[in-house]
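Examination of the molecular architecture
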Amino acid sequence: MVGLYASFIIAVVTSIVGGRPALISAATGAIALLVVPLVKDHGVEYLLAATILMGIIQFILGALKIGRLMKFIPRSVMIGFVNALGIMIFMAQVEHIFGISIATYIYVIVTLLTVYIVPRFVKRIPAPLIAIVLLTAIYLMFGADVKTVGDIGKINQSLPHFLIPDVPYNFETLKIILPYSVSMAIVGLVESLLTSKIVDDATDTYSNKNRESRGQGIANIIAPFFGGMGGCAMIGQSVINVKSGGRTRLSTFTAGVFLIFLIIVLGGLVVKIPMPILAGIMVMVAVGTFDFNSFKYLKKAPRTDAFVMVLTVIIVLFTHNLALGVIVGVIFSALFFATKISKIDVSLNEENNILYYYFDGQIFFVSIDSLMEQIDFDKENEHIVLDFSRAHLWDDSAVDAIDTIVHKFEERGNKVNVKRLNADSRKIVSEISQLNEEHLIS
C-alpha cells in the first residue's frame, strides 16, 4: 500500500510539474531495493523522512541543471541500459509463468497473441487493456488454476491520509537517513532522465530534463506526507503508455488517477486479475524494450564501445542497480576515450643549426608520460624550439609538462623557445605557466 499510494501521488504530481509528457513515474523496485536496510533497522517512518530529503536533494540538483549531465552518457551505455531493463523486466515475470500450472501457460500464450495481433485491427483501445478485461472476465466466469493479484498482496480500499513522519527532527536522524536519501536521489534521477531520453527518442520530441529533475523532487517531497515511498520514472509503464498512444501530460495524470480508482472502487476486482495476464503483457514490454539491433552493433561498433555496452548490461543484471550500471559504463567510456586521444607523436628535425621538436596530438594528464618518453634530454648547448602547431594543451598537467621540458633543457645550457601555441593553449600557459615572454614566440 505504501508503494501504491506513492505511485498515485508521484504520477499525478509529475504529470503537472514534470518535464517529460507521457512519462509514467511511480514507486519502483530500484528505490525499494536501496531502503530495505533502513526499514529493517529503523522502520517505515524513517523511510518517509528519507524520501522527503531525497526529494529535496533532487529538486536542488534540478535547480543546478543536473540535466546537462545527460550529454555525457554515450550511446553504448544507453543501449546497455535499455537492454538490461528489457532483460530485467522479462526475468521478473519468470516466477509468475513457469512451474505453476498448464492454465498459466495458456493464459500467457493467449495474452501474448492478443497484445501482438489486436493492434493490427483495433487502434483506439490499447491491446494490453483489452487483454486484461477480456481474459479476466473469462477467468471470473470459468475459473482456472492460476495465481491472482490477491495472492501477491492485500489491497486496502481507502484513500491515503495526510501524516507527518514520526521521527526525531535532529542531527542523529539526519545522519541515519542522509546516505539513503543521497542514494535514492541519484538512482531516481539516473533512471528518470534515461527513461525520459528513451521516451524522447520514441516520440521524436524533446523534453526539459532539468524540469523533470525538479518535478521528480517535488513528487518525492509530497508522497511521504501521504504514506508513500520514493519513486522515479518507470521504463515498462512508460513504454506501454507511449506504444498505446499516450503523448501528453493527461496520459500520466490518468495513470495516477485510474490507479487510485482501481484501489478504492475496484480493489475487490483487481485482486482477482490473473497474474499470467499481467506477466504476458510485461513479456511483450520486455521484448519491445530490448534493442535487437544490439547484435549487429556488437559486430560493427568499436571493441571498446561493444565492451561498455555488455559491461553495462552485466553490472545492472548482477547488482539490480540501474544507476550503478550506468555510472560504471560512463566511467569505462571515459577511460577508453581518454586512452584513445592520449596518443601523441613527437618528432625531431634540425634546420639551420636549430633543433625543432614537433608535437602532434592532445596534451593532458594521460598523455604526459608518452610525451616525455619521446624526448631526448641529453642535448647540450643547442637552440631548441618546441613547436605546438599540431597540438593542444588542455590542463595544468600539460602546462607543467612544458615547464618541465624547458627547465630540463635549460639545465644543460640549451636555449629553448615555445612556438605556435593556439589561442586556448597560449591562454592557459599565460595564466599558470612559469615561462616568461622570452620563451614564447609566434
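Labelled according to an unreviewed UniProt entry, the protein appears under the name Sulfate permease family protein, originating from Staphylococcus massiliensis S46. Heading Subcellular location (unreviewed entry) of the UniProt record for the protein holds this comment: "Membrane".

Bringing the sheet that holds strand E3 (residues 345–351) into the picture now. Across the sheet, which stays open at both edges, the five strands sit in the order E3-E4-E5-E6-E7 with mixed pairing between neighbours. Two strands lie at the open edges of the sheet, namely E3 and strand E7 (440–441), each paired on one side alone. Relative to E7, strand E6 (residues 415–419) runs parallel, the two sharing two bridges. Directly across from Val-418, in E7, lies its bridge partner Leu-440. Packed onto the sheet, helix H18 (residues 396–411) meets strand E4 (354–363), strand E5 (383–393) and E6 and runs at close to 170° relative to E5.

Position of Leu-34 relative to the elements: it lies in helix H2 (residues 29–42). Sequence-wise, Leu-34 and Gln-237 are 203 residues apart; in three dimensions their C-alpha atoms are separated by 21 Å.

Counted by the stated rule, this structure contains 10 salt bridges. The closest approach of N and O atoms between Glu-431 and Lys-427, which form a salt bridge, is 2.7 Å. Placement of the pair is Glu-431 and Lys-427 together in helix H19 (residues 423–432), with a separation of four residues, close to one helical turn. One network of salt bridges, in which partners are shared, links Arg-20, Asp-200 and Lys-209.

With 58 residues, the main nonpolar core has Ile-31, Ile-73, Phe-81, Leu-194 and Val-326 as its most contacted residues. Broken down by element, the residue count for this core peaks at eight residues, all from helix H8 (residues 171–203). In contact with Ile-31, other than residues within four places in its own chain, are Met-54, Met-184, Val-187, Gly-188, Met-229, Gly-230, Gly-231 and Cys-232.

The next subject is empty space enclosed by the protein. For the structure shown, the criterion picks out one cavity of 30 Å³ or more. Approximately 50 Å³ is the volume attributed to the largest cavity. If you go around the largest cavity, the residues you meet are Thr-14, Ser-15, Arg-20, Pro-21, Ala-22, Leu-23, Ser-25, Glu-212, Gln-216, Arg-249 and Thr-252. Elements represented by at least two residues in the lining of the largest cavity include exactly helix H1 (2–17), helix H9 (209–222) and helix H11 (249–264). Here the residues of the lining of the largest cavity are counted per class, giving three nonpolar, five polar and three charged.

Here is what the cut-offs are and how they apply
Residues numbered from 1 in each chain as written. Predicted model: local features only at pLDDT ≥ 70, side-chain atom pairs only at ≥ 80, totals over all residues. Heavy atoms only, no water. UniProt positions renumbered as here; feature names shortened; annotations may be inferred. Pairing = 2+ DSSP bridges. Helix = DSSP H or I, 4+ residues; strand = E, 2+ residues; numbered from the N terminus. Contact = heavy atoms within 4.5 Å. Axes fitted to C-alpha atoms, helices over the stretch in contact; angles between N-to-C directions. Salt bridge = Lys/Arg side-chain N within 4 Å of Asp/Glu carboxyl O. Core = buried A, V, L, I, M, F, W, Y, C linked by side-chain atoms within 4.5 Å. Buried < 20%, exposed > 50% of the residue type's maximum accessible area, 1.4 Å probe, protein only. 1 Å grid on protein atoms, 1.4 Å probe; cavity = no way out; pocket = protein on both sides within 12 Å on 5 of 7 lines; lining within 4 Å. Points joined across faces, edges and corners; volume = space filled by probe spheres on them. Nonpolar A, V, L, I, M, F, W, Y, C, P; charged D, E, K, R; others polar.

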